[in-house]
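# Structural overview
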Amino acid sequence: MLAERATILTPSLTLSIDSKAKAMKAEGIDVCSFGAGEPDFDTPEHIKLAAQAAIEQGFTKYTPSSGIPELREAIAAKFKADNQLDYKSSQIIVSNGAKHSCYNAILATVQPGDEVLIPSPYWLSYPEMVRLAGGDPVFVQTREENGWKMTPDDFQDAMTPRTKMVIINSPGNPTGAVYSREELQALVEVAGTEDILILSDEIYEKLTYDGVEHVSTASLSPEAYNLTITVNGFSKAYSMTGWRLGYLAAPEPIAKAIDAIQSHSTSNPCSFAQKGGLAALKGDQSCIEDMRAEFDMRRQYMVGRLKGIDRVSVVAPQGAFYVLANIGMLGLSSNNFADRLLSKHHVAVVPGVAFGNDATVRFSYATSLDIIKKGLDRFEEFCRTL
Ligand SMILES: *Cc1c(COP(=O)(O)O)cnc(C)c1O
């Protein structure tokens, strides 16, 4: 009954732990959850007000499929100011979240037989998007000693004549790894040898720590610009996950193709959400720094605690809001580990097998410091019993 493409998808592993944690909470059990994939802050007031005003004013109809012109222009201005990138608004497509932007980018460029290189551990939607497009995801294992970053050699070794695209997610989920300018430059050089497209998912751009700079891949050279599709959005920087608003910028022919795909599938992203997005870009940016500073405080605490636990190792993340802990030395699979941790000690983490690495579990610090403290006390106790 089903199309083949619908049968090859892997059900989301993160959801099963999540639903178990929710069921336990509903029973009144005090669960410390580190599963969150979204900021725990409210959307800033001025953004909410702008969307409310848009509704009041009747801005509730279809908009141009790729987004309202003033938002696309504001995004072009943002790229110029923040990322030293020159995109015309015709190169920018606003979609229903950065996830949708990634999917559109893959649908527009990847075809059956094409391989897409995905550094692992990876964000779990990338391989499924590639499969939906008929392509083959190829995982490039990264190593803890390289800070979970793909090296030019790793990249080179994974390339075949079928390689069409490589996905770079910096700052990264689930690792928190941030590629430096030099590291990105080296990867761009490898991509350039065979004109491999680069999908650069920069959704965590605003969340970097220790003074580390975020660099946009497309800004590195004219060659990088021509090979790269830059994805960004509002969900993480402005705590707007439920608004479903993201965007991409690409060389003109790719942007045009994505425009056509979007116009025949989803049409425009929500009209008044776009007005909220416009207010986010044009308004006071201090809300971002407030959130970043709070995340940083929690990150330092969490990394410090995890480093102190016997047989657990962590690479201090320099971005996003996750810590990937290596629990390989404790002798359990990540699923078994997460399951026992949740049922016996009431702590929810995401098993790393969901991200392609069974020796790890992911902690999100998008939760209060009190919960982080209590949850890590319990986690430490659990590790001692193993
Ligand atoms: C959260 C996330 C996104 C997408 O967020 P949207 O809510 O769809 O804008 C994209 N990439 C990664 C790696 C993420 O973690």
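Located above this text is the structure these notes cover.
All of these numbers come straight from a predicted model, not from anything done at the bench. (Residues numbered from 1 in each chain as written. Predicted model: local features only at pLDDT ≥ 70, side-chain atom pairs only at ≥ 80, totals over all residues. Heavy atoms only, no water.)

Looking now at the sheet that holds strand β13 (residues 360-364). Judged by pairing direction, the sheet is antiparallel, and its 4 strands sit side by side in the order β9-β10-β13-β12 without closing on themselves. Strand pairing shows two members of the sheet lacking a second neighbour, β9 (313-314) and β12 (350-351), which therefore form its edges. As paired strands, strand β10 (residues 322-326) and β13 are joined by 5 bridges and run antiparallel to one another. Bridge pairing in β13 places Val323 opposite Phe363. (Pairing = 2+ DSSP bridges. Helix = DSSP H or I, 4+ residues; strand = E, 2+ residues; numbered from the N terminus.)

To continue, consider the side chain of Thr175. Relative to the assigned elements, Thr175 resides in the loop between β5 (163-169) and α8 (181-193). At 3.0 Å, the side chain of Thr175 forms a polar contact with the backbone nitrogen of Ala177. Contacts of Thr175, omitting those with residues within four sequence positions, involve Pro121, Trp148, Pro317 and Leu324. (Polar contact = N/O pair within 3.5 Å; in protein donor to acceptor, adjacent residues only side chain to side chain. Contact = heavy atoms within 4.5 Å.)

For the rest of this paragraph, the subject is the site of the ligand. Near the ligand you find 13 residues, and of these Ala98, Asp201, Tyr204, Ser235 and Lys236 are the closest. In the environment of the ligand, an oxygen atom lies 3.1 Å from a nitrogen or oxygen atom belonging to the side chain of Lys236. Considered on its own, the ligand offers 390 Å² of accessible surface; in the complex 94% of this is hidden by protein. For the shell around the ligand, the class distribution of residues is 5 nonpolar, 4 polar and 4 charged. (Near = heavy atom within 4 Å. Areas by Shrake-Rupley, 256 points an atom, 1.4 Å probe, with all protein chains shown as cover. Nonpolar A, V, L, I, M, F, W, Y, C, P; charged D, E, K, R; others polar.)

Within the secondary structure, Ala316 is located in the loop between β9 and β10. Take Ala316: its relative accessible area is 32%, and that puts it in the partly exposed class. Beyond its immediate chain neighbours, meaning those up to four positions away, Ala316 contacts Val303 and Lys307. (Buried < 20%, exposed > 50% of the residue type's maximum accessible area, 1.4 Å probe, protein only.)

The subject of this paragraph is the packing of aromatic side chains. Counted by the stated rule, this structure contains 17 aromatic pairs. A centroid spacing of 6.1 Å and a plane angle of 35° characterise the contact between Phe234 and Tyr238, whose relative ring orientation is tilted. The residues Phe234 and Tyr238 share a single accessibility class, namely buried. Relative to Phe379, the ring of Phe363 lies with its centre 5.0 Å away and its plane at 85°, an arrangement referred to as edge-to-face. Of the two residues, Phe363 is situated in strand β13 and Phe379 in helix α14 (residues 369-385); the sequence distance between them amounts to 16 residues. Judged by relative accessible area, which is 0%, Phe363 ranks as buried. (Phe/Tyr/Trp six-rings, centres within 6.5 Å; stacked < 30°, edge-to-face > 60°.)

Reading across from one edge, β2-β8-β7-β6-β5-β3-β4 is the order of the 7 strands in this open sheet, with mixed pairing throughout. Edge strands, defined here as strands with exactly one partner in the open sheet, are β2 (92-95) and β4 (136-141). Averaged over neighbouring strand pairs, the angle between their axes works out to 20° when direction is ignored. Bridging between β2 and strand β8 (residues 246-249) involves 4 bridges; their strand directions are antiparallel. Residue pairing in the sheet places Ile92 in a bridge with Ala249 of β8. (Axes fitted to C-alpha atoms, helices over the stretch in contact; angles between N-to-C directions.)

Let us now look at the pairing of β5. With 6 of 7 residues buried, β5 lies mostly within the body of the structure. Here strand β3 (residues 115-120) pairs with β5 via 3 bridges, running parallel. Among the inter-strand pairings, Glu115 is bridged to a residue of β5, identified as Thr163. Pairing geometry for β5 and strand β6 (residues 197-201), over 5 bridges, is parallel. Residue pairing for β6: Asn169 is matched across the bridge by Asp201. Taken together, β5, α8 and β6 constitute a β-α-β crossover, and its handedness is right-handed. (Right-handed = clockwise from strand over helix to strand, strands pointing away.)

Now for the pattern of salt bridges. Enumeration over the complete set of coordinates arrives at 26 salt bridges. In this structure, the salt-bridge partner of Asp86 is Lys80, at a minimum N-O distance of 3.2 Å. Overall, Lys80 belongs to the partly exposed group, its relative accessible area being 47%. Taking the shortest distance from any N to any O, the salt bridge between Arg305 and Asp377 comes out at 2.8 Å. In this pair, Arg305 sits in helix α12 (residues 286-307) while Asp377 sits in helix α14, placing the two residues 72 residues apart along the sequence. Since its relative accessible area comes to 18%, Arg305 is described here as buried. Note on Asp377: relative accessible area 42%, which makes it partly exposed. Linked through salt bridges whose partners overlap, the residues forming this network are Lys78, Asp82, Glu205 and Lys206. (Salt bridge = Lys/Arg side-chain N within 4 Å of Asp/Glu carboxyl O.)

Following both chains from N to C, one finds helix α13 (residues 334-345) and α14 inclined at 115°, their axes separated by 11 Å at the closest point. α14 is crossed by α13, and the crossing has right-handed handedness. Contacts between α13 and α14 pair Phe337, Arg340, Leu341 and His345 from the former with Arg378, Phe379, Glu381, Phe382 and Cys383 from the latter. Partitioned by chemical class, the residues of the contact of α13 with α14 number 5 nonpolar, 1 polar and 3 charged. (Left-handed = near helix turned anticlockwise from the far one by under 90°.)

We now examine the packing of helix α4 (residues 69-83) against helix α11 (residues 271-282). Two quantities define a packed helix pair, namely the angle between the axes and the distance from one axis to the other. Between α4 and α11, whose axes approach to 10 Å, the crossing angle comes to 30°. For the element pair α4 / α11, the angle class is roughly parallel. Seen along the crossing, α4 lies across α11 with a hand that is left-handed. Counted together, Glu70, Leu71, Ala74, Ile75 and Lys78 of α4 and Gln274, Lys275, Gly277, Leu278, Leu281 and Lys282 of α11 form the full contact between these two elements. Taken together, the residues of the contact of α4 with α11 break down into 5 nonpolar, 2 polar and 4 charged. (Parallel < 35°, antiparallel > 145°, perpendicular 65-115°, else oblique.)

Nothing here speaks to function; it is all geometry.
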